[in-house]
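So the chains spell out like this:
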Amino acid sequence: MMFHEMKEKDVEKVLNTNIEQGLSASDVEKKRKQFGWNELQEGEKQSAFMLFISQFKDFMVLVLLAATLISGLLGEYMDAIVIIAIVFVNGFLGFFQERKAEKSLNALKELSAPQVIVLRDGEWQKILSKEVVVGDIIKFSSGDRIGADVRLVQTVNLEIEESALTGESVPAVKSTNTVTDKKASLGDLENMAFMGTMVTRGNGMGIVTGIGMNTAMGKIADMIQNAETLITPLQRRLEQLGKILITIALLLTVLVVIAGVVHGHDMFTMFLAGVSLAVAAIPEGLPAIVTIALSLGVQRMIRKNAIVRKLPAVETLGCASVICSDKTGTLTQNKMTVTHLWSGGTTWTLSGTGYQPEGSFYLDSQKINPQNEKSLFQLLTFGLLCNHAELKFREDEFVIDGDPTEGALLVSAMKAGLDRETLLGQFTIEKEFPFDSTRKMMSIVVKDKHGKRFVITKGAPDVLISLSESVLWNGRQQYLQSELQNTIQTSVETLASMALRTIAIAFKPIKEQTIIMHESEAEKGLTFIGIQGMIDPPRQEVKQAIKECREAGIKTVMITGDHVITAKAIAKQLGILRGNGKVIEGTELNELSIEDLEKVVEDVAVFARVSPEHKLKIVKSLQNCGHIVAMTGDGVNDAPAIKSADIGIAMGITGTDVAKEASSLILLDDNFATIKAAIYEGRNIYENIRKFVRYLLASNVGEILVMLFAMLLSLPLPLVPIQILWVNLVTDGLPAMALGLDQPEEDVMKRKPRQQTEGIFARRLGWKVISRGFLIGFVTLIAFLTIYRNNPDRLAYAQTVAFATLVLTQLIHVFDCRSEISIFSRNPFGNMYLVWSVVSSILLMLVVIYVPAFQPIFHTIPIIPRDWLLIIGMSSIPTFLLAGSLFIRKKV
């Protein structure tokens, strides 16, 4: 039997404690030996050194390190330095990223109360939170953070803010009543208080039932430790690409060397050429360019109110097919707002959202002055008087100090022009009977400036209806007969069906000499005034963002700890719940295995009354169905699912440290709409990566093939090794980086998400690389042959022409790489970074050809103007021949 199912005396007996005296010093020592310290434990840590070393175990990195060694042995020190710098920069980035993951547990520890008031040996004393043991009697009051899991034995108007654990948008009302429902979720355990939650009202006392890892928060900490960290689609594709490229490059390089030796070339010369080709063919710049492209994307995301904690996360979000979003504070504003008011058979609506005290009242879509509506104005006035909330202006926004429900009543009254200070000048509060969960109401006794006295009561509508004898109807006080009771009850149900939380307000006049000592005397014979209906409203931008995500093939799923009626209403307003969409509650999830859930999860739009374990199950089932899952949230309860999802998104303002540390992306404005911008950016970054992969590989294929063709035709080397390395470092590098800055194509948010299994060469990229690479090698060889056949004694000049042709061919081809269609489909000046990188590469090429100091180093000879016509003509063929024909076919 669970502690919440047991009576207080039974809990006391089971835990061998005493509510009157607490534990003795000897009891504490025994229990500490048995249960340990009240701390969240961390898993086994990897040393910083081993974590750093693990960054260099990747196959492509190992090959690059080998290439570095060979380059150094051959005297190509600059090439070796560049490669080793790239490898170590990537290593350090990975190291620091993984070190940040350790902060998740530290953030959880900070949420634990540093000190607790505990009863020991009959005396109350303050101790460190970690010293609490199972069986301790602790007490707490408003503003305290609970230091352990507790079975409540005494409550006075106790309310605890548990949204970080349950997702509830309002504080949970607590009592000592036994909870017998075996399927009750965390949010339904009204006789329990949990470690890390905050007391917002009243006070209480309880018996500690769980400490450290045996608490609700401890289970979350354990889930964070054990949650799998998935490899991202980008990492999978780059790993796949690296292995393919290395294998092909090494085979072709060996083939070139063998062909050269067979055709009579010097062994050492061919070995040097082979190593140069290998270094050129393996795109060692690719990891650096990917990192730079992602980093630049991160900078753009910061300007759009999102912080990316893990670089590949932006790309991963770009191919997400499902966004699992928490409701409270993510899809909604986390600000209770009155939207409907009812009194005497009339329903008014109220505009405005959040705590901004601005809005208009409407009756049948017609704007009205609430001060001219007597019963409405009385409803608002008494709602403001019977209220402790305060409206503050902090950091450029209005916030509520106090209970969110009372805050909603305060703001609705202020929208009607009412002011607390003015009212308190007209009314004197003589006595208060605070809210408690048993009565479900709060009352005050007031006296107006004319000496008239009233009882004002607010609380649950069903309770106030039962305590009322009359009702304000059409401006007059009428006897509350059963027919009117049914009418009021129907109105309450109508508001509840709209997911509105309803608060009723009633009053009664009392004689001047009447002395009221107890709430039972005040709270009877009331006159029912009306009802205020409130909701945590959706963010205004979210509906459009969800629509645009849907157009991009991305499904949004609401996952919340809130009640199913509220969840359904918000989901319908936002367009999440549409057509045949299903809603599943936590109790149903308990009965489903992951395999069973996989059969229905595609049709589910809303999950309500869920626990942290449920969120993990939902994420796993979606992943097992082939989806790339993004999980958003702000509470401690979201952290395990955030970490297990393909990409975790935390809220920057309302998000807990735990959620932030477990996430890959943090939204600075807590705005779901920012996710759309991240998707847009992520898709563009991936397309840009494809662009420079296409450019680099086509260039590398061209370099290998020109050497291979020459060897097979028994020709001299068309390029010397230093020229190959120059092309590899300069011509390949600058334009490829500029492609990483390219603007997205127009239809980027109209495409469906990529399949998780899609390779880097999908969508005919492999064909484009091979065909362009073949043509690049072919035209370079033709330019070489044209000069060499006419001047066989001028080999160095022919090699210089081949060098210039290869460089210029690649620099024209880079503009073709900007589009999936052809070079003609996009404005070449749309990416000025690319234009200037091409200009820079051309200038550097001219420097090594025409500046005498560089000619002996790069084995170049100045090219005469006439031969530039040959070079330009040949360089244009690969791009304009294939791209032009493709463009014509597309248009036709």
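To be clear, the structure that these remarks concern was listed above.
Note that the coordinates shown come from a computational prediction; the quantities given were computed from them, not determined experimentally.

How each quantity is defined
- Along each chain, residues carry numbers from 1 onward, in the same order as the chain's sequence is written.
- In keeping with the model being predicted, local features are shown solely for residues with a pLDDT of at least 70 and side-chain atom pairs are shown and tallied solely at 80 or more, while totals for entire chains, interfaces and linings include all residues.
- Heavy atoms from the whole structure form the basis of all side-chain values; hydrogens and water molecules are not counted.
- Burial classes: relative accessible area under 20% of the type maximum marks a residue as buried, over 50% as exposed, and values in between as partly exposed (1.4 Å probe, protein chains only).
- A run of H or I in DSSP becomes a helix once it reaches four residues, and a run of E becomes a strand once it reaches two; helices and strands are each numbered from the N terminus.
- Only strands that DSSP links by at least two bridges are regarded as paired with each other.
- By definition, a salt bridge exists where a carboxyl oxygen of Asp or Glu is found within 4 Å of a side-chain nitrogen of Lys or Arg.
- Pairs of N or O atoms within 3.5 Å make up the polar contacts considered here, provided that, within protein, one atom can donate a hydrogen while the other can accept it, and that residues adjacent in sequence are counted only when both atoms are side-chain atoms.
- The criterion used for residue contact is that any of the two residues' heavy atoms lie within 4.5 Å.
- Interaxial angle, 0 to 180 degrees, is taken between N-to-C directions of lines fitted to C-alpha atoms, where a helix line uses only the stretch in contact.
- Convention used here: angles under 35 degrees read as roughly parallel, angles over 145 as roughly antiparallel, angles from 65 to 115 as roughly perpendicular, and any remaining angle as oblique.
- The sense of a crossing depends on the near helix, which, turned anticlockwise from the far helix by less than a right angle, makes the crossing left-handed and, turned clockwise, makes it right-handed.
- The nonpolar class holds Ala, Val, Leu, Ile, Met, Phe, Trp, Tyr, Cys and Pro. Asp, Glu, Lys and Arg form the charged class, and all remaining residues, Gly among them, are polar.
- Residue count minus one, scaled by 1.5 Å, sets the expected span of a helix.
- Directions pointing from the helix axis toward each C-beta atom define the arc.
- In this analysis, rings of Phe, Tyr and Trp, with Trp reduced to its six-membered ring, are considered paired at centre separations within 6.5 Å, and the interplanar angle assigns stacked below 30 degrees, edge-to-face beyond 60, and tilted for intermediate values.
- Should the NZ of a Lys or the CZ of an Arg lie within 6 Å of a ring centre and within 35 degrees of the ring normal, that charge is described as sitting over the ring.

*Asks:* Describe the pairing of strand 26 (residues 629-633), and please don't skip the residues or the numbers.
*Replies:* Summarising burial for strand 26: 5 of the 5 residues are buried, a large majority. Neither face of strand 26 is exposed, since Val 629, Met 631 and Gly 633 on one face and Ala 630 and Thr 632 on the opposite face are all buried. Examined bridge by bridge, strand 9 (residues 322-326) and strand 26 share 4 bridges and lie parallel to one another. Note on strand 26: the bridge partner recorded for Ile 323 is Ala 630. Where strand 26 and strand 27 (residues 647-651) come together, 4 bridges link them in parallel fashion. Looking at strand 27, one finds that Ala 630 is bridged to Ile 647.

*Asks:* Provide a residue-level description of unusual backbone geometry, including the pertinent values.
*Replies:* Even without being glycine, Ser 365 reaches a positive phi, approximately 70°. On the basis of relative accessible area, Ser 365 is assigned to the exposed category, the value being 66%. For Lys 440, which is not glycine, the phi dihedral falls at a positive 60°. Along the chain, Lys 440 turns up in the loop between strand 16 (427-436) and strand 17 (441-448). Lys 440 gets classed as partly exposed once you look at its relative accessible area, which sits at 42%.

*Asks:* Before we move on, could you go through the pattern of salt bridges and cite the residues and values that matter?
*Replies:* Here the structure, examined in full by the defined rule, presents 28 salt bridges. Residue Arg 690 is joined to Glu 687 by a salt bridge in which the shortest nitrogen-to-oxygen separation is 3.9 Å. In this pair, Arg 690 and Glu 687 both sit in helix 27 (residues 673-712), 3 residues apart, roughly one turn of the helix. One exposure class covers both Arg 690 and Glu 687, and it is buried. A salt bridge links Arg 763 to Glu 687; the shortest N-O distance between them is 3.2 Å. In this pair, Arg 763 is assigned in the loop between helix 29 (733-739) and helix 30 (765-790) and Glu 687 in helix 27, connecting sequence segments 76 residues apart. For Arg 763, a relative accessible area of 34% corresponds to the partly exposed category. Judged by its relative accessible area of 7%, Glu 687 is buried. When salt bridges that share partners are traced, they join Glu 159, Arg 201, Glu 406 and Lys 458 into one network.

*Asks:* Quick rundown of the side chain of Thr 337? Include the residues and the values.
*Replies:* Looking at where Thr 337 falls in the secondary structure, it is placed in strand 10 (residues 337-343). Here Lys 335 takes part through its backbone oxygen, which lies 2.9 Å from a polar atom of the side chain of Thr 337. For Thr 337, the residues in contact, after removing those within four places along its chain, are Gly 352, Thr 353, Gly 354, Ala 408, Lys 415, Gly 533, Met 534, Ile 535 and Pro 537.

*Asks:* Could you give an account of the packing of helix 27 against helix 30, naming the residues involved and the relevant values?
*Replies:* Across the interface, helix 27 lies against helix 30 with an axial gap of 7 Å and an inter-helix angle of 40°. Relative to helix 30, helix 27 is oriented oblique. The two elements helix 27 and helix 30 cross, and the hand of that crossing is right-handed. Contacts between helix 27 and helix 30 pair Arg 690, Val 693, Arg 694, Leu 697, Ala 698, Ser 699, Val 701, Gly 702, Leu 705, Val 706, Phe 709 and Ala 710 from the former with Leu 765, Lys 768, Val 769, Arg 772, Gly 773, Phe 774, Ile 776, Gly 777, Phe 778, Thr 780 and Leu 781 from the latter. Split by residue class, the contact of helix 27 with helix 30 holds 14 nonpolar, 5 polar and 4 charged.

*Asks:* Hey, could you go over the sheet that holds strand 24 (residues 582-585) for me, with residue numbers and the actual values?
*Replies:* Sheets are built from strands paired through backbone hydrogen bonds, the pairs being either parallel or antiparallel. On the basis of which strands lie adjacent, the open sheet formed by 8 strands has the order 8-28-27-26-9-23-25-24 and mixed pairing. Edge positions in the open sheet fall to strand 8 (306-308) and strand 24, since each of these has one partner strand only. Averaged over all pairs of adjacent strands, the angle between strand axes in this sheet comes to 20°, irrespective of strand direction. On top of the sheet, helix 21 (residues 564-574) reaches strand 23 (555-559), strand 24 and strand 25 (604-608); it is set at about 145° to strand 25, its chief contact.

*Asks:* Which residues make up the packing of helix 30 against helix 31 (residues 795-816), and what values do they have?
*Replies:* Relative orientation of the contacting elements helix 30 and helix 31 amounts to 150°, with a least axis distance of 8 Å. Judged by the inter-axis angle, helix 30 sits roughly antiparallel to helix 31. The two elements helix 30 and helix 31 meet at a crossing, and its hand is right-handed. For the pair helix 30 and helix 31, the contacting residues are Arg 772, Ile 776, Val 779, Thr 780, Ala 783, Phe 784, Ile 787 and Tyr 788 in the first and Leu 795, Tyr 797, Ala 798, Gln 799, Val 801, Ala 802, Thr 805, Leu 806, Thr 809, His 813 and Asp 816 in the second.

*Asks:* An account of helix 32 (residues 832-850) is requested, with residue identities and associated values reported.
*Replies:* Helical geometry: 3.6 residues make up each α-helical turn, so side chains three or four residues apart lie on a common side. Between its first and last C-alpha, helix 32 extends 27 Å over 19 residues, near the 27 Å set by a 1.5 Å rise per residue. Turning to helix 32, its buried residues number three or more, namely Leu 834, Val 835, Ser 837, Val 838, Ser 841, Met 845, Val 848 and Ile 849. The buried residues of helix 32 occupy one face: seen down the axis, they fall within an arc of 165°. What points out from helix 32, more than 90 degrees from its buried face, is the exposed set Tyr 833, Trp 836 and Leu 843.

*Asks:* For the pairing of strand 15 (residues 397-401), give the residues involved together with the corresponding values.
*Replies:* With 5 bridges connecting them, strand 14 (residues 390-394) and strand 15 associate as antiparallel partners. Directly across from Arg 394, in strand 15, lies its bridge partner Glu 397. Hairpin connection of strand 14 to strand 15: 2 residues between the antiparallel strands, including Glu 395 at a positive phi of 45°.

*Asks:* A description of the packing of aromatic side chains should follow, citing residues and the corresponding values.
*Replies:* Applying the stated criterion to the full structure yields 9 aromatic pairs. Ring geometry for Trp 342 against Trp 473: centres 6.0 Å apart, planes inclined by 65°, an arrangement best described as edge-to-face. Taken together, the residues span a long stretch of sequence, with Trp 342 in strand 10 and Trp 473 in strand 19 (residues 468-473) at a distance of 131 residues. On the basis of relative accessibility, which here comes to 14%, the residue Trp 473 falls in the buried class. Considering the side-chain rings of Phe 784 and Tyr 788, the 5.5 Å spacing of their centres and the 5° angle between planes classify their relative orientation as stacked. Taken together, the positions of Phe 784 and Tyr 788, both in helix 30 and 4 residues apart, correspond to about one turn of that helix. Comparing Phe 784 with Tyr 788, the two get one shared label, buried. Cluster of aromatic residues (ring-pair linked, three or more members): Phe 382, Phe 454 and Phe 507. The ring of Trp 37 is capped by Arg 32, whose NZ or CZ atom sits 4.2 Å from the centre of that ring. The positively charged end of Lys 130 is found above the aromatic ring belonging to Trp 37, 5.5 Å away from the centroid.

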